[in-house]
Each structure stands twice: as C-alpha cells, then as structure tokens.
Amino acid sequence: MDRFAVVKVSGAVFDLQNRGGEMVRRVADQLRAASEEGWRVAAVAGGGSVARLYIRAARELGASEAALDQLGILITRANAELLIAALGGTAYPSVPQTLEELLAASASNRSIIVMGGLQPGQSTNAVAALAAESLGAALLVNATDVDGVYTDDPRKNPSAKRLESVGVEELTLLLSGSEHKAGTYELLDHVSLRILERSRIPTVVTSYEGVLAAIRGEKVGTRIMY
Ligand code: UTP
C-alpha cells in the first residue's frame, strides 16, 4: 500500500506579486524530496491574495456568493497548475476536480498529485481533509504562513504562545472564539475540523518551510490530537 501524505499549501505561497515563484519552488523542492523518500503526496493549493482580489471585485460587481466561490476555486486550480509546473515530471499532469478524479490520479505512477478547490461553500482546508480521508492518508500537513497553532493570533499579540499539540475540541474552541481570533480562524475552518475529527487524521500545522520535516515526523509545528 502506498503511504500518502496530504499537504495543504497555503495561498500565501502563491503571492506572485511580491515573491514571484520563489515560494512555490521551495514547496515543490520539499514535496519532491518527500517523494524521493518513498512518500506519495497529494498537495492542495490555496487561493491566497489573488483569489481574494477576484472575489472582492466580483462581489462589488454583484456576483452571487456561489459565483464568488467558483471564482475562488478557479484561482486555486490556477495555483495548482503553477505547483505542477514547478514539480515537472514527478507530478500528475492535470488538476483533479473531484474526489473521484483524485482517486483515478492516485492509480497512476506519478508520485505527486496537485489539486485546488472542489465545490462552493468550503475552503481548501476542507478539501485537504477530504482528500486525506479518500486516500487513507497517513498524515495531513497544513502548511501555513504561521509556524503552528498559537494561543492567540501571533501577528497581533506578541505574547501568544505556540502549542506543541492541541486537542481537536480545544482547537475548535480556540477558533470559534471572538473576533480577535480571526487570524487563526483562517488556519482551519469548522468543516475541515469536523472531517479531521471523524476520521482522526494525524495532522500537523506548520509553516511552508516545515513541510518536509513534518512529513518525516520531526517535531515541528503543532500536532492535532484526538
Ligand atoms: P482557500 O480556501 O484557499 O482560501 O480558497 P485562502 O483564504 O486562500 O486560504 P489559505 O490562505 O490557503 O488558507 C479560496 C476561495 O475559494 C473558494 C472559497 O471562496 C475560498 O475562500 N473555495 C475553495 C470553495 O468555494 N470551495 C473549495 O473547495 C475551495
């Protein structure tokens, strides 16, 4: 049986305006290294600032919420294509658009599959959790622009502490808190938490520099406990 790791790649990695393709290349290098170490990887690309730009403009233009989500999904798939380009022949050449297509891609001999969003009403964190369930993944790495889960939003509160591990119930409470928790809310939404919980998917939240270390089982980021 193949050992699958699912990696959610934060939309922040696709900040092309400020960083060009540099972060995409760094993530691709880590995914390739993981595949050389015997892992198969399903990566899920986030939408990031470009998705937010499109969504804001389309909202101003009067698009429906469902149409805004579809637009966001298109951008996540464009980001997925960028990661595929950086991975070259290691990657499955197209972006699965459903879980069935993901499973079909997993039957190929390419060790890395990259996808974006699936359907309106959820985030790519939920996609990553669903992909992990579908593939029976050994691990889900949530690679974000913060290096783990903090007691408060570290970008706003300098005394916030990083947690080495966090129980899923505690995490739900942390994320459902008042507005000053909004920064961490983006980390994992409610839908993805419920999916992780029902299938008890081993999950690590870390920075996009820590992907390979997390896959290797090194002590990085924050581990979610069930
Ligand atoms: P993301 O979930 O990637 O948002 O999808 P994000 O804010 O960039 O997340 P991070 O930074 O990677 O954590 C972008 C948008 O695409 C739509 C939603 O509108 C979401 O806000 N989307 C994405 C869906 O509707 N369904 C999906 O399955 C995925």
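Hey, could you go over the site of the ligand for me, with residue numbers and the actual values?
Near the ligand, the surroundings consist of 21 residues, among which G11, G47, G48, D69 and Q119 are the closest. Contacts to the ligand include G47, whose backbone N or O atom sits 2.7 Å from an oxygen atom. Within the backbone of L118, a nitrogen or oxygen atom sits 2.9 Å from an oxygen atom of the ligand. At the level of secondary structure, the elements contributing two or more residues to the shell around the ligand comprise helix 3 (48-60), helix 4 (65-87) and helix 6 (124-135). Among the elements that take part in the shell around the ligand, helix 4 stands out by supplying four residues, more than any other. When grouped by side-chain class, the residues that make up the shell around the ligand number five nonpolar, 13 polar and three charged.

Break down the pairing of strand 6 (residues 203-207) for me, with residues and values.
Most of strand 6 sits out of view: five of its five residues are buried. The pairing of strand 4 (residues 139-144) with strand 6 spans five bridges and is classified as parallel. The residue of strand 6 that forms the bridge with N142 is V205. In terms of strand pairing, strand 6 meets strand 7 (residues 222-225) through three bridges, oriented antiparallel. If you follow T203 over to strand 7, its bridge partner there is I224.

I'd like to hear about the packing of aromatic side chains, residue by residue, with values.
What the rule picks out here adds up to zero aromatic pairs. Sitting above the plane of the W39 ring, R3 keeps its charged end 3.9 Å from the centroid.

How would you summarise the confidence of the model for the protein chain if you had to cite specific residues and measurements?
On average, the protein chain scores 92 in pLDDT, and the residues at 70 or more come to 95%. Scored below 50 in pLDDT, residues 178-185 makes twelve contacts in the model with residues more than four places away or belonging to other chains.

Report on the pattern of salt bridges, specifying residues and quantitative values.
Taken as a whole, this structure holds 16 salt bridges when the rule is applied. The closest approach of N and O atoms between R155 and D153, which form a salt bridge, is 3.5 Å. Its salt-bridge partner being E197, residue R194 comes within 2.8 Å of it at the nearest N-O pair. A residue pair is termed a helical-turn pair when its members lie 3 or 4 positions apart in one helix, as R194 and E197 do in helix 9 (residues 190-199) at three residues. Exposure remark for R194: the relative accessible area of 29% places this residue in the partly exposed category. Using a relative accessible area of 25% as the deciding quantity, one classes E197 as partly exposed.

Give me the lowdown on the nonpolar core, citing residues and values where you can.
Counting residues in each nonpolar core, the largest one holds 66 residues, and the members touching the most others are V6, L31, L83 and I215. When near neighbours in sequence (up to four residues on either side) are disregarded, L83 contacts V9, V24, V27, A28, L31, A43 and V114.

Got a sec to walk through the packing of helix 6 against helix 9? Specific residues and values, please.
One way to put it is that helix 6 packs onto helix 9 with a least axis distance of 8 Å and a crossing angle of 20 degrees. Judged by the inter-axis angle, helix 6 sits roughly parallel to helix 9. Crossing geometry of helix 6 relative to helix 9 is assigned as left-handed. For the pair helix 6 and helix 9, contact is made by N125, A126, A129, L130 and E133 and by V191, S192, I195, L196, R198 and S199, respectively. Here the contact of helix 6 with helix 9 is composed, by residue class, of six nonpolar, three polar and two charged.

Rules used throughout
Residues numbered from 1 in each chain as written. Predicted model: local features only at pLDDT ≥ 70, side-chain atom pairs only at ≥ 80, totals over all residues. Heavy atoms only, no water. Near = heavy atom within 4 Å. Polar contact = N/O pair within 3.5 Å; in protein donor to acceptor, adjacent residues only side chain to side chain. Helix = DSSP H or I, 4+ residues; strand = E, 2+ residues; numbered from the N terminus. Nonpolar A, V, L, I, M, F, W, Y, C, P; charged D, E, K, R; others polar. Buried < 20%, exposed > 50% of the residue type's maximum accessible area, 1.4 Å probe, protein only. Pairing = 2+ DSSP bridges. Phe/Tyr/Trp six-rings, centres within 6.5 Å; stacked < 30°, edge-to-face > 60°. Lys NZ or Arg CZ within 6 Å of the ring centre and 35° of its normal. pLDDT = per-residue confidence, 0-100. Contact = heavy atoms within 4.5 Å. Salt bridge = Lys/Arg side-chain N within 4 Å of Asp/Glu carboxyl O. Core = buried A, V, L, I, M, F, W, Y, C linked by side-chain atoms within 4.5 Å. Axes fitted to C-alpha atoms, helices over the stretch in contact; angles between N-to-C directions. Parallel < 35°, antiparallel > 145°, perpendicular 65-115°, else oblique. Left-handed = near helix turned anticlockwise from the far one by under 90°.

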